Amino acid sequence: MTAPVDHAAAARGATEALRVRIRRGDGIEDFAVPRRANQTVLDVVTEIQREQDPTLAYRFACRVGMCGSCGMTVNGRPRWTCRTRVAAVAPEGELLLEPLRNLPVVKDLAVDMEPFFEKWRRAHGYFEPGENPPDDFATVLPDSAERREADAGIECINCGVCYAACDLVTWNPDYLGPAALNRAWTLVNDVRDRDGDARLAAVAGDAGCHSCHSHMSCTEHCPKALSPTFAIAGLKRETGRAALRRLWRRG
């Protein structure tokens, strides 16, 4: 989701200097770059790295909002920097850039995504076709209820913005996080998947879906306008139903 641009501010800023403060380790360094029309935050970081300090570390790949690797904290808010215009977030001509929250910092603005993806594995966020998958492609009707439920969260590209925005991850580092739980929900609703019971058990623990306080931070900050909060609510319902089914079988 691209932040709206103040075009008047962009025009005024074409000849102004932009103050950029970047968190590097325990300190903050100051830089100044010219303001330009249609300038993105990633443009600013790239200019600093190429023209002023080649040791500045950050991550990016596609530059068009498809890979999600350029996530940073921009003036206190986690964002994709390639889709964030300076005119939209720095009307006063100042940027504070920090690494994403809740993840180990490798250097400067680059973070280690391994804990994020490890939680995907813990939530069984991978497709499981079963021991004897069908020989032919499965037919999944696009208007089926299950397909609509899966569609609601399937566009996640693992950028980690929702994870960085989640206060519960900050409070409880073991919490699986909104991205892993959103992925689990899409697979719970995938009629081809054969890992349903194990996946529901994996997300029902102390660090799973029932720990979510529904603050909606993940939904508010998702650059793809997805709603992990909705997915987590679905998992809460399904894990509850699974528990009732187990009790029924025992009875």
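Residues numbered from 1 in each chain as written. Predicted model: local features only at pLDDT ≥ 70, side-chain atom pairs only at ≥ 80, totals over all residues. Heavy atoms only, no water.

The name given to the chain in an unreviewed UniProt entry is Fumarate reductase iron-sulfur subunit, and the organism recorded there is Methylorubrum podarium. As stated in UniProt under Sequence similarities (unreviewed entry), the record for the chain gives "Belongs to the succinate dehydrogenase/fumarate reductase iron-sulfur protein family." (UniProt positions renumbered as here; feature names shortened; annotations may be inferred.)

Asks: How would you explain helix 11 (residues 228–250) if you had to name every residue and give the values?
Replies: A rise of 1.5 Å per residue sets the reference length of helix 11, with its 23 residues, at 33 Å; its end C-alpha atoms lie 33 Å apart and thus fit the reference within 8%. Buried residues of helix 11: Pro 228, Thr 229, Ala 231, Ile 232, Gly 234, Leu 235, Glu 238, Thr 239 and Ala 242, and no others. Where helix 11 is buried, its residues touch helix 8 (178–188), helix 9 (196–203) and helix 10 (217–221). (Helix = DSSP H or I, 4+ residues; strand = E, 2+ residues; numbered from the N terminus. Expected span 1.5 Å × (residues − 1). Buried < 20%, exposed > 50% of the residue type's maximum accessible area, 1.4 Å probe, protein only. Contact = heavy atoms within 4.5 Å.)

Asks: Summarise the state of the cysteines; cite the residues concerned and give the values.
Replies: The full count for this structure, using the stated rule, is zero disulfides. In this model Cys 62 remains outside any disulfide bridge; the closest cysteine sulfur is found in Cys 67, 3.6 Å from its own. For the unlinked cysteine Cys 70, the closest cysteine sulfur is that of Cys 82, found at 3.7 Å. (Disulfide = S-S within 2.5 Å.)

Asks: Please provide a residue-by-residue account of the packing of helix 4 (residues 114–122) against helix 8, values included.
Replies: It is the contact of helix 4 with helix 8, at a shortest axis distance of 8 Å, that shows an interaxial angle of 30°. By the angle class used here, helix 4 and helix 8 are roughly parallel. You can see that helix 4 and helix 8 cross each other, and the crossing is right-handed. Residues Phe 116, Lys 119 and Trp 120 of helix 4 touch helix 8, and the partners they reach there are Ala 179, Ala 180 and Arg 183. Classifying every residue of the contact of helix 4 with helix 8 gives four nonpolar, no polar and two charged. (Axes fitted to C-alpha atoms, helices over the stretch in contact; angles between N-to-C directions. Parallel < 35°, antiparallel > 145°, perpendicular 65-115°, else oblique. Left-handed = near helix turned anticlockwise from the far one by under 90°. Nonpolar A, V, L, I, M, F, W, Y, C, P; charged D, E, K, R; others polar.)

Asks: Run through the sheet that holds strand 3 (residues 71–74), naming residues and quoting values.
Replies: Pairing within the open sheet is mixed, and its five strands lie in the order 2-1-5-3-4. Whereas interior strands pair on both sides, the edge strands pair on one side only; in this sheet they are strand 2 (27–34) and strand 4 (77–80). Neighbour-to-neighbour, the strand axes of the sheet open up by a mean angle of 35°, direction not taken into account. One ladder, built from four bridges, connects strand 3 with strand 4; its direction is antiparallel. Residue pairing for strand 4: Thr 73 is matched across the bridge by Pro 78. Across the sheet, helix 2 (residues 41–51) is in contact with strand 1 (17–24), strand 2, strand 3 and strand 5 (94–98); its angle to strand 2 comes to roughly 100°. (Pairing = 2+ DSSP bridges.)

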